[in-house]
Amino acid sequence: AFKCSYARIGGQNVDVVKDPITDPGKKSKKGRLTLEKNGSTWTTVVEGRGNPGNDQLVEVFRDGVLLVDDSFAKIRARADEKEEPVTKVQKTVGITGDVFNNIVMLTDSYKVTHHLQYPPGTIKVYSYFECRGGQFETVCFFGLQYFLKKYMVGSVVTPAKLNEAEEHFKIHFSNPVHGYDPKLFNRASWEYIIANHGGKLPIEIKAVPEGTALPYKNCLFTMENTDDNCYWLTNYLETLLVQIWYPTTVCTQSREQKKIIMKFLKDTGTPQVIEGGGHLFKLHDFGFRGVSSVESAATGGAAHLVNFLGTDTMAALMCAKEYYGEAAAGFSIPASEHSTMTSWGREGELDAMRNMLEQYPKGLVACVSDSYDIFKACEQYWGTDLKDTIMSRDGTLVVRPDSGELPKIVLDVLTKLEGKFGSEKTSTGHKKLPPCIRVIQGDGIDIKSLEMILNAMKAAGWAADNLAFGSGGALLQKLHRDTQKCAFKCSYAVVNGQGVDVVKDPITDPGKKSKKGRLTLECEGGVWTTVTEGKGAASKDKMQTVFRNGELLIEDKFAAIRERSNVGL
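A. The arrangement of the nonpolar core in detail. Ile103, Met152, Trp190, Leu201, Ile205, Leu233 and Trp382 are the most contacted members of the largest nonpolar core, which has 132 residues in total. Counting residues per element, this core draws most heavily on helix H7 (residues 245-267), which supplies nine residues. If we skip the residues at most four places from it in the chain, Leu201 touches Ile103, Met152, Val156, Val157, Trp190, Leu233, Leu237, Phe547, Asn549 and Gly550.

Have a look at this one:
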């Protein structure tokens, strides 16, 4: 968590705290802080009462200047509980360029050595990517175009990149006894790509169109070398392209949540919300701070926007625009966080809420309301003191509880608001708050809790349209490659002029048996099938050639991907 604990307002020092009655464990620290150590005991001293001379927190950045630049060796030493002073500097220029964009190094270490392991006479390696099972039976494919544009299109192999990679490899693969074996790095073959292909990758990729939803256990893309001398390159690129598991899994799970939301909107008498596109704002992406990297936020956030229109993950907007040609893939509204509310103090919470309505006199505005007492906020502040303003306002106030037991807190908040604002009945007899007020639940939301809450609302007589959801870590981070059992395997090779169907078939896990031979992905009467062993019809193959020899051959727009994802909903 990251919380405001101190502010200076009107020349006065203000100790700030969040203290929700619905979850004491979320009470934040108060005032200016020091982190102090006495022997082996660490203590955070609050309310400005600490000793600055004993503060273990070190100023690392101030006014655009980096003040500490530690070596990795020092960090390792501290992890071993050794005392190491910080390295003080004054740097005004950060690291420039994309240090990670070297195609020669975007692989697992062991793959650097694999050119020595294929059978003599190998000239072709053909591999495929699939979800061989997983949590969701339907997979929505997304993200390949990003990785191709970002890392593979154009002359991506250069002498400078080879030199950089070789410098790393000489140390990385060195052995204190045996030294470094130069043949481990296939430099000559990379130089061949520069000399004969202008640094462009001699690879062909065929893929199902992004946004397509199809059953798992089907091939999603294939990859093979187009130059006989570069058979080793196909699976060298596996590490990079298997990362497509991430946006594909986010997109798949997001689509499943969309199906759940649509079901409950229909079941509780508000199908018109779907007809008007309102359901596309019912699951808002709160995930930027909860992911492992900016790239994860960008690709995962864009994957969610295939299915919805609401997001606070701005990296996703940049990804959709730069890599998929969508000028505005998602939208947001003015909303408060705890710091903008608690900096007013407990006694100033009503003024903070009034300020929200005054600063945003029309349209949608969301306000976190559990800083201290969510029920007082609903009944007294929103439901009494500010009720007339809310009722007459040209727009909707969205109340956000951010703590409490699920689904109870949602039902309690709806009931409190109904007691002050009233409700009407939908065609199915479910209650709906007036248009001036709604609720968003953004704490503890994943696909299971989302469905649980909607079930509880339906059972308690509430329409699903009363509520929107915000989801962060669970939407973009609470998943992994095995959520959909994503895998990339070689299924065909040409060795000594003969085609060889290749298969992995471990007796210890039949579920990991791979597909065999050249593949086509076919769909007859809505039934998807991956045809193996070269027995398929090329004319029926739904996979299209998207990349060949360093060139992108198909460039999908985000709108087309969204349209495909809606098939079957």
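B. Summary view of the packing of helix H9 (residues 294-305) against helix H10 (residues 314-324). Put simply, H9 and H10 touch, their axes get as near as 7 Å, and they point 75° apart. With respect to H10, the element H9 is oriented roughly perpendicular. Residues Val294, Ala297, Ala298, Thr299, Gly301, Ala302 and Leu305 of H9 touch H10, and the partners they reach there are Ala315, Ala316, Leu317 and Cys319.

C. Focus on the side chain of Arg132. Along the chain, Arg132 falls in the loop between strand E8 (122-131) and strand E9 (138-140). We note that Arg132 is buried and unpaired, the nearest opposite charge coming from Asp482 at a distance of 5.6 Å.

D. Representation of a nonpolar patch on the surface. Residues Val58, Val60 and Phe61 make up a contiguous nonpolar surface patch of roughly 270 Å² in combined accessible area. With respect to the helices and strands, Val58 occurs in the loop between strand E4 (41-45) and strand E5 (61-62).

E. Region of the structure containing unusual backbone geometry. Cis rather than trans, the peptide bond between Leu406 and Pro407 has omega equal to 0°. Mapped onto the elements, Pro407 comes out in the loop between strand E15 (394-400) and helix H15 (408-421). The phi dihedral of Asp63 falls on the positive side, at around 50°, and the residue is not glycine. Within the fold, Asp63 resides in the loop between E5 and strand E6 (65-68). Its identity as a non-glycine residue notwithstanding, Glu533 has a phi of 55°, on the positive side. With respect to the helices and strands, the residue Glu533 is situated in the loop between strand E23 (527-531) and strand E24 (544-548).

F. The arrangement of the environment of Val156 in detail. Mapped onto the secondary structure, Val156 falls in the loop between helix H2 (144-152) and helix H3 (159-172). For Val156, a relative accessible area of 8% gives the class buried. Considered as a pair, Val156 and Glu238 are 82 residues apart in the sequence and their alpha carbons are 16 Å apart. Not counting residues within four places of it along the chain, the set of residues in contact with Val156 comprises Ile103, Tyr151, Lys161, Gly199 and Leu201.

G. The arrangement of helix H12 (residues 349-359) in detail. Here H12 has its buried residues at Glu349, Leu350, Ala352, Met353, Met356 and Leu357. Projection of H12 onto a plane perpendicular to its axis shows the buried side chains occupying an angular sector of 165°, all on one side. Tucked inside the fold, the buried residues of H12 contact helix H11 (338-342), strand E14 (362-368), helix H13 (374-385), helix H14 (387-392) and E15.

H. Representation of the sheet that holds E8 within the structure. One open sheet holds the seven strands; their spatial order is E21-E20-E8-E12-E10-E24-E25, and the pairing between them is antiparallel. What marks the edges here is a single partner per strand, and that holds for strand E21 (498-501) and strand E25 (551-552). Note that E8 and strand E12 (residues 219-225) share five bridges and pair antiparallel. When the sheet's bridge partners are listed, Phe129 is paired in E12 with Phe221.

I. Geometry of the pairing of E23. Bridge analysis of strand E22 (residues 520-524) against E23 gives five bridges, and the strand direction is antiparallel. Considered in E23, the bridge of Leu521 is made with Thr530. Linking E22 to E23, which pair antiparallel, is a turn of two residues; within it Gly525 sits at a positive phi near 60°.

J. How the structure looks around the environment of Asp351. Counting through the fold element by element, Asp351 comes out in helix H12. For Asp351 and Tyr381, which are 30 residues apart along the polypeptide, the C-alpha to C-alpha distance reads 9.3 Å. Within the local environment of Asp351, its side chain forms a polar contact with the side chain of Arg354, the two groups lying 3.0 Å apart.

K. Layout of the sheet that holds E6. Judged by pairing direction, the sheet is antiparallel, and its three strands sit side by side in the order E5-E6-E7 without closing on themselves. The sheet is open, and its two edges are formed by E5 and strand E7 (88-91), each paired on a single side. Bridge analysis of E6 against E7 gives two bridges, and the strand direction is antiparallel. Across the sheet, the residue bridging to Leu66 is Lys91, located in E7.

L. Spatial organisation of the packing of aromatic side chains. Per the counting criterion, the structure on display carries 16 aromatic pairs. Considering the side-chain rings of Tyr126 and Tyr492, the 6.2 Å spacing of their centres and the 90° angle between planes classify their relative orientation as edge-to-face. With Tyr126 in strand E8 and Tyr492 in strand E20 (residues 486-495), the pair connects residues that are 366 residues apart, well separated along the chain. Exposure class is identical for Tyr126 and Tyr492. Each is buried. Joined through ring pairs, the aromatic side chains of Tyr146, Phe147, Tyr151 and Tyr323 make up one cluster. A cation over a ring is seen here: Lys263 above Phe264, with NZ or CZ 4.7 Å from the ring centre. One residue, Lys431, lies across the ring of Trp462, its end atom 4.3 Å from the ring centre.

M. Structural context of the pattern of salt bridges. Within this structure, the stated rule accounts for 33 salt bridges. A salt bridge links Glu191 to Arg187; the nearest nitrogen and oxygen atoms lie 2.9 Å apart. Of this pair, Glu191 and Arg187 are both found in helix H4 (residues 187-197), four residues apart, which corresponds to roughly one turn of the helix. Judged by its relative accessible area of 18%, Arg187 falls in the buried class. Across the pair Glu424 and Lys432 runs a salt bridge whose closest N-O atoms are separated by 3.7 Å. In the salt-bridge network here, residues are joined through shared partners; they are Lys18, Arg400 and Asp402.

So, how was this worked out
Residues numbered from 1 in each chain as written. Predicted model: local features only at pLDDT ≥ 70, side-chain atom pairs only at ≥ 80, totals over all residues. Heavy atoms only, no water. Core = buried A, V, L, I, M, F, W, Y, C linked by side-chain atoms within 4.5 Å. Buried < 20%, exposed > 50% of the residue type's maximum accessible area, 1.4 Å probe, protein only. Helix = DSSP H or I, 4+ residues; strand = E, 2+ residues; numbered from the N terminus. Contact = heavy atoms within 4.5 Å. Axes fitted to C-alpha atoms, helices over the stretch in contact; angles between N-to-C directions. Parallel < 35°, antiparallel > 145°, perpendicular 65-115°, else oblique. Lys, Arg positive; Asp, Glu negative; His and termini not counted. Salt bridge = Lys/Arg side-chain N within 4 Å of Asp/Glu carboxyl O. Patch = residues over 30% accessible without salt bridge, like charges linked within 9 Å, V, L, I, M, F, W, Y side chains within 5 Å. Areas by Shrake-Rupley, 256 points an atom, 1.4 Å probe, with all protein chains shown as cover. Arc of directions from axis to C-beta. Pairing = 2+ DSSP bridges. Polar contact = N/O pair within 3.5 Å; in protein donor to acceptor, adjacent residues only side chain to side chain. Phe/Tyr/Trp six-rings, centres within 6.5 Å; stacked < 30°, edge-to-face > 60°. Lys NZ or Arg CZ within 6 Å of the ring centre and 35° of its normal.

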